Amino acid sequence: IARVHKSVLLSSMGRQVAGEWLHHLVAVDAFLVLAGAVLTAFVGVTGLVRRLALERCMPQWLLAANSCRQTNHNIILGFLVICVSMFLILDAKVEALSEMYSVCFLALLFLFACGHMMMKVKRSQLPRNIHAPWWTVILASFLVIGAFVAIIEKNPEVVPVFAMYFSITCVLVGAMFFRMSIFKLLLRSVRYLLKKCTKRRSGEEGRHSSVEGGGTFSPPGSETCEEKTVDEGTALNNKDHAVSCIQSLNTRIKSWIKKANTAPVVFFTKNGNIVAINKAVLYIRQNEDTQHIKIVHFAPQGMQLEQRAWLQSDIEFLDRLYPKHCIDLVFVQQEFNRLAVERLASFLKIPVNRMFIGCPSKSFKETVATLGGVRVITH
């Protein structure tokens, strides 16, 4: 039975044991379980990609929500296309699909282990409830690598498919990380084309006007001056249209860059330490596409005038130190918690995922997860 009915083994065993009724019962049960797994996958992928898009690791058009159910239909349809394409590429082979799933799952587990080790190195002071020793993380990563190699040796044909989808994902995420450099490169290319087209157009306009005013002699059997003028006029109109398209593209790219640079970010400072604030500004300059930074300090009991003046002078110094960035200082007379962060985000009209904080100490009352998406950027 196992050799003949590989893909429907359980239902075939039910037929052999109790007849057709158990065969159909197992088939219906398997269908319901599979449908639940597929729906769970769609829900999980939608949440993951939506979070990546909010963190600007994925294109923003993925966040588009339909007016009927307020769901991100672009993410759902994109994942559906990926599933169907993988099904067609692997020729609907159940074994290949299961091994492809195993390869993807093991790769995800290995990335979990790598992320855990990076957190131990970069965010060792971050409060956490569960502590995993180094040896367990390293052992788990080696076990995952061993299982990964075993599956690849069993069915090598899944490797090119996995590499293709993984490469596309890396290119997409990489393009989002370097989008400002790509926009600037596109802007330079468009300006170069616009400059070339403008020079060529001005030269052809000069020749066109000389033909209209001069009236040169045309030998027998050649085109008349009127026909040449019409052809050149049509060419000029086509080039005018091309120049206008390039100018429109140039304006659009500049608006994209301006929109990205003017979107502000927030950094919460606990005690106004200028060293920590400077590290945050350096991080934002290197990793965020913005030129507007707001430094926010929460003081429930208010600040003494001397401390306030000292912090203001430090922020003014940083504002002069980085002339391309606008660095503002905001005081909030309230205790720092999730509700205060949400109120501040609503007042400043800045998303919570564009708010940053230094690595909290163990005495921090809140946890990073309860702050609603505030990102930890310094340690």
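Residues numbered from 1 in each chain as written. Predicted model: local features only at pLDDT ≥ 70, side-chain atom pairs only at ≥ 80, totals over all residues. Heavy atoms only, no water.

### Digging into the packing of helix H9 (residues 274-287) against helix H10 (residues 305-321)
The criterion, for reference: Angular values range over 0 to 180 degrees, each being the angle between N-to-C directions of two axes fitted as lines to C-alpha atoms, with helices fitted over their stretch in contact. Secondary structure elements follow DSSP: runs of H or I no shorter than four residues count as helices, runs of E no shorter than two count as strands, and numbering proceeds from the N terminus. Throughout, the term roughly parallel applies to angles under 35 degrees, roughly antiparallel to angles over 145, roughly perpendicular to angles from 65 to 115, and oblique to all others. Should the near helix be turned anticlockwise from the far one by less than a right angle, the crossing is termed left-handed; should it be turned clockwise, right-handed. Note on definitions: a residue-residue contact is assigned when non-hydrogen atoms from the two residues lie within 4.5 Å. Ten residue types, Ala, Val, Leu, Ile, Met, Phe, Trp, Tyr, Cys and Pro, are classed as nonpolar, four, Asp, Glu, Lys and Arg, as charged, and the remainder, Gly among them, as polar.
For the pair H9 and H10, the least separation of the axes is 11 Å and the interaxial angle reads 30 degrees. The pairing of H9 with H10 is recorded here as roughly parallel in orientation. Here H9 runs over H10; the crossing is right-handed. Where H9 approaches H10, its residues Ile 274, Ile 277 and Asn 278 are matched on the opposing element by Leu 311, Asp 314, Ile 315, Phe 317, Leu 318 and Leu 321. Among the residues making up the contact of H9 with H10, the classes are represented as seven nonpolar, one polar and one charged.

### What to know about unusual backbone geometry
Positive phi, close to 60 degrees, is recorded for Gln 70, a residue that is not glycine. On the secondary structure map, Gln 70 appears in the loop between helix H2 (20-54) and helix H3 (73-89). Positive phi, normally seen in glycine, also occurs at Lys 349, with a value near 60 degrees. Tracing the chain through its elements places Lys 349 in the loop between helix H11 (338-348) and strand E4 (355-358).

### Considering the packing of aromatic side chains
For the record, the criterion: By convention, a stacked pair of Phe, Tyr or Trp rings (six-membered ring in the case of Trp) has centres within 6.5 Å and planes under 30 degrees apart, an edge-to-face pair has planes over 60 apart, and any other such pair is tilted. For each residue, the accessible area found with a 1.4 Å probe, counting protein chains only, is set against the maximum for its type, and the residue is called buried under 20%, exposed over 50%, and partly exposed in between. In this scheme, Lys NZ or Arg CZ marks a charge over a ring once it lies within 6 Å of the ring centre and within 35 degrees of the ring normal.
Evaluated as defined, the whole model comprises nine aromatic pairs. For the ring pair Tyr 101 and Phe 105, a centre distance of 6.2 Å and an interplane angle of 10 degrees mean the geometry is stacked. Of the two residues, Tyr 101 and Phe 105 both sit in helix H4 (residues 94-122), four residues apart, roughly one turn of that helix. Look at Phe 105 and you get partly exposed, because its relative accessible area is 41%. Measuring from centroid to centroid gives 5.7 Å for Phe 268 and Phe 298, while their planes differ by 50 degrees, and the two rings are tilted. Note that Phe 268 is positioned in strand E1 (residues 265-269) and Phe 298 in strand E2 (residues 292-298), a separation of 30 residues in sequence. Grouping residues by exposure puts Phe 268 and Phe 298 together as buried. Put simply, the rings of Phe 148, Phe 162 and Phe 166 touch in pairs and so form one group of aromatic residues. A cation sits over an aromatic face here: Arg 308 above Phe 331, 4.1 Å from the ring centre.

### Overview of the nonpolar core
Rules: In plain words, nonpolar cores are sets of buried Ala, Val, Leu, Ile, Met, Phe, Trp, Tyr and Cys residues tied together by side-chain atoms within 4.5 Å.
Membership of the largest hydrophobic core comes to 17 residues, with the highest contact counts inside it found for Phe 268, Val 296, Phe 298, Met 355 and Val 374. Setting aside residues no more than four positions away along its own chain, Val 374 makes contact with Phe 268, Val 341, Val 352, Met 355, Phe 356, Ile 357 and Val 368. Among the nonpolar cores identified, the runner-up in size contains 15 residues, and Ile 277, Ala 280, Ile 315 and Phe 356 belong to it.

### Digging into the pattern of salt bridges
Which entries qualify depends on this criterion: A pairing counts as a salt bridge when a side-chain nitrogen of Lys or Arg comes within 4 Å of a carboxyl oxygen of Asp or Glu.
In the structure shown here, the tally under the stated rule is eight salt bridges. Of the charged contacts, one joins Arg 375 and Glu 55 as a salt bridge, the two residues approaching to 3.3 Å between their closest N and O atoms. With a gap of 320 residues between them, Arg 375 in strand E5 (residues 375-378) and Glu 55 in the loop between H2 and H3 connect regions that are remote in the sequence. Relative accessible area serves as the criterion here: at 17%, Glu 55 is assigned to the buried category.

### Focus: the packing of H4 against helix H6 (residues 158-177)
Running from N to C, H4 and H6 cross one another at 50 degrees; their axes reach a closest spacing of 10 Å. By the angle between their axes, H4 is oblique relative to H6. Every pair of crossing elements has a handedness; the one defined by H4 and H6 is right-handed. The segment H4 lies against H6, with Ala 96, Glu 99, Met 100, Val 103, Cys 104 and Ala 107 engaging Val 158, Val 161 and Phe 162.

### What to know about H3
Heads up, the condition is: Here a helix's expected span is defined as the number of its residues, less one, multiplied by 1.5 Å.
Taking 1.5 Å as the rise per residue, H3 with 17 residues should run 24 Å; its terminal C-alpha atoms sit 24 Å apart, in good agreement. Of the surrounding secondary structure, the elements contacted by the buried residues of H3 are H2, H4 and H6. One or two residues past the end of H3 sits Asp 91, with phi positive at roughly 60 degrees.

### As for the pairing of E1
To keep things clear, this is the line we draw: Pairing between strands is defined by DSSP: at least two bridges between them are needed. Here the term right-handed applies to a crossover when the path leading from its first strand over the helix to its second strand runs clockwise, the strands being oriented away from the viewer.
Of all five residues making up E1, five are buried, and the element is well covered by its neighbours. Every second residue of E1 is oriented toward a common face, with Val 265, Phe 267 and Thr 269 on one face and Val 266 and Phe 268 on the other, all of them buried. Sheet topology note: the E1/E2 ladder contains five bridges and is parallel. Directly across from Phe 268, in E2, lies its bridge partner Val 296. What joins E1 to E2 is H9, and the crossover it makes is right-handed.

### Things to note about a positive patch on the surface
Stated precisely, the cut-off is as follows: Every patch collects residues that have over 30% relative accessible area and no salt bridge, joining them within 9 Å if they carry like charges and within 5 Å if they are nonpolar side chains (Val, Leu, Ile, Met, Phe, Trp, Tyr). All accessibility values rest on the Shrake-Rupley procedure with a 1.4 Å probe; residue burial counts only the protein chains present in the view. Neither His nor the chain ends is counted toward charge; the positive residues are Lys and Arg and the negative residues Asp and Glu. Note on charges: their place is set at NZ of Lys, CZ of Arg, CG of Asp or CD of Glu.
Together, Lys 184, Arg 188, Arg 285 and Lys 324 line one region of the surface with positive charge. As for its position among the elements, Arg 188 is in helix H7 (residues 179-214). For Arg 188, a relative accessible area of 66% translates into the label exposed.

By themselves these figures say nothing about function.
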